[in-house]
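If you want the building blocks of each chain, they are given just below.
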Protein chains: 2
Amino acid sequence: MPSFLLDQTLKADTFEITKLDLCYIGLMNDKRYPWLIMVPMRSDITEIIELQPCDQIQLIKEISNVSAHMKALFKPHKLNIAALGNVVRQLHIHVVARHQEDSTWPQPIWGHGENEPYGSEKEETINMLKSTIKKE
Amino acid sequence: MPSFLLDQTLKADTFEITKLDLCYIGLMNDKRYPWLIMVPMRSDITEIIELQPCDQIQLIKEISNVSAHMKALFKPHKLNIAALGNVVRQLHIHVVARHQEDSTWPQPIWGHGENEPYGSEKEETINMLKSTIKKE
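Asker: Describe the packing of helix H2 (residues 53-74) of chain B against helix H3 (residues 122-132) of chain B, with residues and values.
Answerer: All names here are of chain B. Taken N-terminus to C-terminus, the directions of H2 and H3 make an angle of 130 degrees; their axes are 11 Å apart at the nearest point. Looking at the two axes, H2 sits oblique to H3. For the pair H2 and H3, the sense of crossing is right-handed. Note on element contacts: H3 touches H2 through Met 128, Leu 129 and Thr 132, opposite His 69, Leu 73 and Phe 74.

Laid out in structure tokens, this is it:
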């Protein structure tokens, strides 16, 4: 089995939080939203249906795990969960905690405005997520 | 257990294709994209994490089932799969077959342009989907 390599764009855009059994979990470097990226650590996968059935089940379990922590930490009005991948082909799932006060509510976040990189709050946010999101 | 009622907006915006074990499957009335809406038939659910674990597993199986048929029927460049729900609160999952030639590629479809309702091709599209997407 070829080894998994995280896509270079995803690597550049995220801070690693942890690796679960299936997914790399990264914090998107955009402080406008609590925004995680989940990447199944399998080679050459662009669609959920290309994952083995057991990996698909592990994926929904990990989405649920991550979602529950995002909900508890950030008290969103709604979670937005999406596998798009029109630009970056490597399968990745966005998990975004949306608030009615955020800058693009109620529109989806993609294609609106510019990313706002984390500043001094970066370490605190990463450490909070690292201490919370773990293998179950 | 209270009975499931499809949200009125989702009902108005879609043509019923079928009901799988968990999800109502509707064709979005927008011929710009092959675009299905999957609605878990459980009452008062807005987030995937509110589904019972067995329903979460059934959901990913049905997403995979529907995705495979969308891929075979429409030969998309990419599938876009998303649970957003910022406007319509009832949990629903978009499964959209995207092509590089479609009007918003590579942007996500939401918030771009106006829906284009089906015309004379409606029955053919619905019948094709009905004859393909079935319980496994």
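And the narrative resumes.
Asker: Talk me through the relation of the copies chain A and chain B; I want residue IDs and the actual numbers.
Answerer: Between the two copies, chain A and chain B, the superposition gives an RMSD of 0.0 Å; the rotation angle is 180 degrees and the shift along the axis is 0.0 Å. Read as a symmetry element, the transformation amounts to a two-fold axis. Rotation axis and chain A: the residue whose C-alpha lies nearest the axis is Ala 82 of chain A, separated from it by 2.0 Å.

Asker: Break down the pattern of salt bridges for me, citing the residues and quoting the values.
Answerer: Two side chains with opposite charge may pair up if their charged atoms get near one another. Inspection of the entire model under this criterion finds 16 salt bridges over all chains. As a salt-bridge pair, Lys 19 of chain A and Glu 16 of chain A come within 3.1 Å of each other at their nearest N and O atoms. Overall, the relative accessible area of 38% leaves Glu 16 of chain A in the partly exposed class. The partner of Lys 78 of chain A in a salt bridge is Glu 47 of chain B, with the nearest N and O atoms 2.9 Å apart. Highlighted residues: Lys 78 of chain A in strand S4 (residues 78-83) and Glu 47 of chain B in the loop between strand S3 (35-40) and H2, drawn from two different chains.

Asker: Which residues make up the nonpolar core, and what values do they have?
Answerer: Ranked by size, the top nonpolar core spans 58 residues in total, and within it Leu 36, Val 66 and Ile 93 of chain A together with Leu 36, Val 66 and Ile 93 of chain B carry the most contacts. Ignoring sequence-local partners within four residues, the contact set of Ile 93 of chain A consists of Leu 36, Ile 37, Met 38, Pro 40, Leu 59, Ile 63, Ile 81, Ala 82 and Ala 83 of chain A. Of all hydrophobic cores here, the second largest spans 30 residues; its members include Leu 6 and Trp 110 of chain A together with Met 28 and Val 96 of chain B.

Asker: Describe the interface of chain A and chain B, with residues and values.
Answerer: At the interface, 32 residues of chain A touch 32 residues of chain B. Summing both sides of the interface, chain A and chain B together bury roughly 3000 Å²; the carbon and sulfur share of this comes to 58%. At the boundary of chain A and chain B, one finds four salt bridges. Two residues, Glu 50 of chain B and Lys 71 of chain A, come together in a salt bridge whose shortest N-O distance is 3.7 Å.

Asker: Outline H2 of chain B, listing residues and values.
Answerer: Over its 22 residues, H2 of chain B extends 31 Å from the first C-alpha to the last, a length consistent with the 32 Å expected when each residue adds 1.5 Å. Every buried residue of H2 of chain B is accounted for by Asp 55, Gln 56, Leu 59, Ile 60, Glu 62, Ile 63, Ser 64, Asn 65, Val 66, Ser 67, Met 70 and Phe 74 of chain B. Looking at the buried positions of H2 of chain B, the neighbouring elements they touch are helix H2 (53-74) of chain A together with strand S2 (23-28), S3, strand S4 (78-83), strand S5 (93-98) and H3 of chain B.

Asker: Lay out the packing of aromatic side chains with the relevant residues and their values.
Answerer: Residue and element names in this part refer to chain A. This model, assessed by the stated rule, comprises two aromatic pairs over all chains. Between Tyr 33 and Trp 35, the ring centres sit 6.1 Å apart and the planes meet at 70 degrees, which makes this aromatic pair edge-to-face. Assessed through its relative accessible area of 4%, Trp 35 is described here as buried.

Each value, and the rule that gives it
- Residues numbered from 1 in each chain as written.
- Chains lettered and ligands numbered in written order.
- Predicted model: local features only at pLDDT ≥ 70, side-chain atom pairs only at ≥ 80, totals over all residues.
- Heavy atoms only, no water.
- Axes fitted to C-alpha atoms, helices over the stretch in contact; angles between N-to-C directions.
- Helix = DSSP H or I, 4+ residues; strand = E, 2+ residues; numbered from the N terminus.
- Parallel < 35°, antiparallel > 145°, perpendicular 65-115°, else oblique.
- Left-handed = near helix turned anticlockwise from the far one by under 90°.
- Contact = heavy atoms within 4.5 Å.
- Least-squares fit on C-alpha atoms with pLDDT ≥ 70 in both.
- Salt bridge = Lys/Arg side-chain N within 4 Å of Asp/Glu carboxyl O.
- Buried < 20%, exposed > 50% of the residue type's maximum accessible area, 1.4 Å probe, protein only.
- Core = buried A, V, L, I, M, F, W, Y, C linked by side-chain atoms within 4.5 Å.
- Buried area = accessible area lost by both parts, 1.4 Å probe.
- Expected span 1.5 Å × (residues − 1).
- Phe/Tyr/Trp six-rings, centres within 6.5 Å; stacked < 30°, edge-to-face > 60°.

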